[in-house]
Protein chains: 2
Amino acid sequence: MRTLTVDLGDRSYPIYIGEGLLSKSGEYFLQHQLTTKSPVLIVSDENIAPKYLQTVVDSLQASGYQTVSSVVKAGEKSKSLDVFEEVMTAAIEGGLDRKSTVVALGGGVVGDLAGFVAASFMRGVHFVQMPTTILAHDSSVGGKVAVNHRLAKNMIGAFHQPAMVLYDVDTLQSLPERDVRSGLSEMIKHGLIWDEQFAYWCRDNADRLLALDREALTYGLTEGCSVKAKVVSSDETEQGLRAILNLGHTIGHALEAIGGYGEFLHGEAISIGMAAAAQLAVNRGRDRSIYEETTALLAKFGLPTTIPGHLNDEEIISAMLHDKKFKENQIVFILPVRIGEVEIVSDMTLDEVRQVIKQLKGEGQHV
Amino acid sequence: MRTLTVDLGDRSYPIYIGEGLLSKSGEYFLQHQLTTKSPVLIVSDENIAPKYLQTVVDSLQASGYQTVSSVVKAGEKSKSLDVFEEVMTAAIEGGLDRKSTVVALGGGVVGDLAGFVAASFMRGVHFVQMPTTILAHDSSVGGKVAVNHRLAKNMIGAFHQPAMVLYDVDTLQSLPERDVRSGLSEMIKHGLIWDEQFAYWCRDNADRLLALDREALTYGLTEGCSVKAKVVSSDETEQGLRAILNLGHTIGHALEAIGGYGEFLHGEAISIGMAAAAQLAVNRGRDRSIYEETTALLAKFGLPTTIPGHLNDEEIISAMLHDKKFKENQIVFILPVRIGEVEIVSDMTLDEVRQVIKQLKGEGQHV
């Protein structure tokens, strides 16, 4: 078991990563002085709840906690205000009060939804994350929680730090293979933006990670969370540095949006986005090796690095311009400098983006 | 014009109180370095918007701001998640971004609703309050924003401090008389909990305040906001001292709830609650003068100090026990020690509450 601390002054919290943690939930709750006098609400989804909800409930009850649960449908559609209201209803009917804790048992959707419930129920109660996907190692650090508006993703939310994160790697064993690859894409991103050694460790341990080796997962998740924790600690409310976490996300989000959130998993879309960022860096004069190394690393994980030909270039551009990351009409991109280091670029032109889309479709000239 | 600073470290902000402020909105915005590059959303209601929206829009536009507005129905029903979503839609369609400002132009309902939009749109944008009621002098200090859940009031919200409050006393001139009295009830409360001199000033200036004398209103609102600001500054997230602001609210909220939020205005209900608190203090051994002074002061403002006979005692008790202010089954009351000082009492018994209800109905024996 590894422990990592996200350093945020008063709001610092630990991430515990290892095997068999869910069955010790109650002990961790007591250790963190979460009161047994107020009910705990566990939010989960229909895929995860049958597998792990009872384990958590049993452990919490054995430690003296009273629990209620709210199980939502699996998938992005549950990040809506309607489902948010349903979970709030469960919290009120379950008798939660200001000293209560809300638990997110699941992946990123459950984490974001339950996190926004924790942030806003009675103006904020304790929050505990229990991620059950690899992708959630990203969203479980940083305190960003939100639901979607029908017009745009993650528009309604808060910054709300958890009291702790219990990351039980046993829950990852039953993940579908495509979700595994997609999740590892964010792990690789953390290497690419900050930690050359970790990026190369990912490359050299791709097979172990894809085989869900518990030791490799524990190490990789710890390092991935650690990068994110360092970035978040230095920029809690996303004023500057934190933007580097968006490597691959500018084009990635656009691809997700025009694919209707069905064609690409998040990690797949940002994999293509990271390849695009590397190509853009080369187009702007970086050595071509940055593109080759990036795409070779992603390919070792079976992740895509090209844009399918049937997607319309201008639709990608249009989706990108609608993305909330653009403030005051500046197009901000994160580009690699070398493996393990990136820079924030605010003067990207639409022509450069059009060019890279063609290049990633295999239509344009690679520089 | 008076200026008061709410001292909250990084989140400190000024309250400007005086005449003609709305027509200078743009200047205040510029002075507070709110960017002209991002659209401003003004939230108001159907009663207030026809009177003052254009004034604010004209002033902001003259200073270079682009504005969009969202006008909701007047009344408590607009503090719902549905209306919250509508305002979010206006924000997205209006092109607001992370540097934008949301303005609340109206009373407490608009302030709470727009404030929660500001707190959660893109995880938080700037917020400016422009209160148009006397009652809102209370809710415009402290950063508590929220919408209602159908099962309970103010269950979904945040602490989100404004960048500034522009309190234009000209807007108070058209308030209905009953709203004036109700608003002054919270002003009196601020005297009773913290400032003997101000409480007596209210008593001695009741006629000027009820006649909406601008100078008296400016002074009274400044002093009332000042008390609240001092309490909030020392307890931003309501861990302890801030509870004293709930003088009269324990029974007051119960009366509002069983009257279906129609029989009593908020200030009327807490006026009865303050009388009840004073009687409870006497029942526990304080000098009878505290009850007599409190009720005489409230009576000078035409505020009620008795419980109507047709209300059912046990329904009042039941509504009180459902109120969210009770954590871990303790009944917390704020009782006067003398005019200008209160204490927090956590060992109130239901029998004592039953007794005071009877006393305020004129049924029980006054001690």
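Please read these numbers as outputs of a predicted model, since none were measured by experiment. (Residues numbered from 1 in each chain as written. Chains lettered and ligands numbered in written order. Predicted model: local features only at pLDDT ≥ 70, side-chain atom pairs only at ≥ 80, totals over all residues. Heavy atoms only, no water.)

We now examine the packing of aromatic side chains. All names here are of chain A. The full count for this structure, using the stated rule, is 11 aromatic pairs over all chains. Where phenylalanine 84 meets phenylalanine 116, the ring centres are 4.8 Å apart and the plane angle is 25°; that geometry is what we call stacked. Here the residue phenylalanine 84 occupies a position in helix α3 (residues 81-93), and phenylalanine 116 occupies one in helix α4 (residues 108-120), the gap between them amounting to 32 residues. Its relative accessible area of 0% is what places phenylalanine 84 among the buried residues. (Phe/Tyr/Trp six-rings, centres within 6.5 Å; stacked < 30°, edge-to-face > 60°. Helix = DSSP H or I, 4+ residues; strand = E, 2+ residues; numbered from the N terminus. Buried < 20%, exposed > 50% of the residue type's maximum accessible area, 1.4 Å probe, protein only.)

Residues and elements named next belong to chain A. The final tally for this structure, using the stated rule, is 44 salt bridges over all chains. The salt bridge partner of glutamate 177 is arginine 181, with a shortest N-O separation of 2.0 Å. One end of the pair is glutamate 177 and the other is arginine 181, both in helix α6 (residues 177-194) and 4 residues apart, which spans about a single turn. Relative accessible area serves as the criterion here: at 52%, glutamate 177 is assigned to the exposed category. A salt bridge links lysine 189 to glutamate 186; the nearest nitrogen and oxygen atoms lie 2.8 Å apart. Here lysine 189 pairs with glutamate 186, and both are found in helix α6, just 3 residues apart, close to one helical turn. (Salt bridge = Lys/Arg side-chain N within 4 Å of Asp/Glu carboxyl O.)

Residues and elements named next belong to chain B. Of all 6 residues making up strand β7 (residues 144-149), 6 are buried, and the element is well covered by its neighbours. Bridging between β7 and strand β8 (residues 152-159) involves 5 bridges; their strand directions are antiparallel. Residue pairing for β8: histidine 149 is matched across the bridge by alanine 152. Between β7 and β8, which pair antiparallel and follow one another directly, the connecting turn spans 2 residues. (Pairing = 2+ DSSP bridges.)

The next point concerns empty space enclosed by the protein. Residue and element names in this part refer to chain A. Per the stated rule, a full pass over the model turns up 4 cavities of 30 Å³ or more. Space inside the largest cavity adds up to approximately 60 Å³. As for the largest cavity, its lining consists of Leu192, Leu247, Met274, Ala278, Ile290, Thr294, Pro336, Arg338, Ile339, Gly340 and Val342. When its residues are assigned to classes, the lining of the largest cavity shows 8 nonpolar, 2 polar and 1 charged. (1 Å grid on protein atoms, 1.4 Å probe; cavity = no way out; pocket = protein on both sides within 12 Å on 5 of 7 lines; lining within 4 Å. Points joined across faces, edges and corners; volume = space filled by probe spheres on them. Nonpolar A, V, L, I, M, F, W, Y, C, P; charged D, E, K, R; others polar.)

With that settled, the discussion passes to the relation of the copies chain A and chain B. Superposing chain A onto chain B takes a rotation of 180° combined with a translation of 0.0 Å along the rotation axis, leaving an RMSD of 0.0 Å. Here the transformation between the copies is reduced to the relation of a two-fold axis. Measuring from the rotation axis to each C-alpha of chain A, the shortest distance belongs to A:Leu81, at 3.9 Å. Both copies share a contact surface, since 100% of the interface residues of chain A are interface residues in chain B too. (Least-squares fit on C-alpha atoms with pLDDT ≥ 70 in both. Contact = heavy atoms within 4.5 Å.)

The next subject is the interface of chain A and chain B. Contact with chain A, which involves 35 residues of that partner, is made by 36 residues of chain B. Each partner contributes to the roughly 3,400 Å² buried at the junction of chain A and chain B, and carbon and sulfur atoms together form 58% of this total. In this structure, the connection of chain A to chain B is made through 0 salt bridges. Taken together, the connections running from chain A to chain B amount to 8 residue pairs in polar contact (both at pLDDT 80 or more). For the side of chain A that touches chain B, the elements supplying multiple residues, two or more each, are α3, α4, β7 (144-149) and β8 (152-159) of chain A. Tallied by class, residues from the side of chain A that touches chain B come to 15 nonpolar, 7 polar and 13 charged. (Buried area = accessible area lost by both parts, 1.4 Å probe. Polar contact = N/O pair within 3.5 Å; in protein donor to acceptor, adjacent residues only side chain to side chain.)

All right, on to a negative patch on the surface then. A cluster of acidic residues, A:Asp82, A:Glu86, B:Asp82 and B:Glu86, forms a negative patch on the protein surface. Looking at the negative patch, the elements that each hand over two or more residues are α3 of chain A together with α3 (81-93) of chain B. By the secondary structure assignment, B:Asp82 is in helix α3. (Patch = residues over 30% accessible without salt bridge, like charges linked within 9 Å, V, L, I, M, F, W, Y side chains within 5 Å. Areas by Shrake-Rupley, 256 points an atom, 1.4 Å probe, with all protein chains shown as cover. Lys, Arg positive; Asp, Glu negative; His and termini not counted. Charge placed at Lys NZ, Arg CZ, Asp CG, Glu CD.)

Further remarks concern the UniProt feature "domain: 3-dehydroquinate synthase N-terminal" (unreviewed entry) in chain A. UniProt tags residues 71-181 of chain A as "domain: 3-dehydroquinate synthase N-terminal" (unreviewed entry). Along residues 71-181 of chain A one finds 32% helix and 30% strand; the C-alpha atoms at either end are 26 Å apart. (UniProt positions renumbered as here; feature names shortened; annotations may be inferred.)

A separate point is the sheet that holds strand β4 (residues 67-72) of chain A. All names here are of chain A. If you walk across this open sheet you meet the 7 strands as β1-β2-β9-β6-β5-β3-β4, and the pairing is mixed. The outermost strands of the open sheet, each flanked by one partner alone, are β1 (2-6) and β4. Each neighbouring strand pair of the sheet contributes to a mean axis angle of 15°, computed without reference to strand direction. The sheet contact formed by strand β2 (residues 13-18) and strand β9 (residues 164-168) spans 4 bridges and is parallel. Bridge pairing links glycine 18 to aspartate 168 in β9. (Axes fitted to C-alpha atoms, helices over the stretch in contact; angles between N-to-C directions.)

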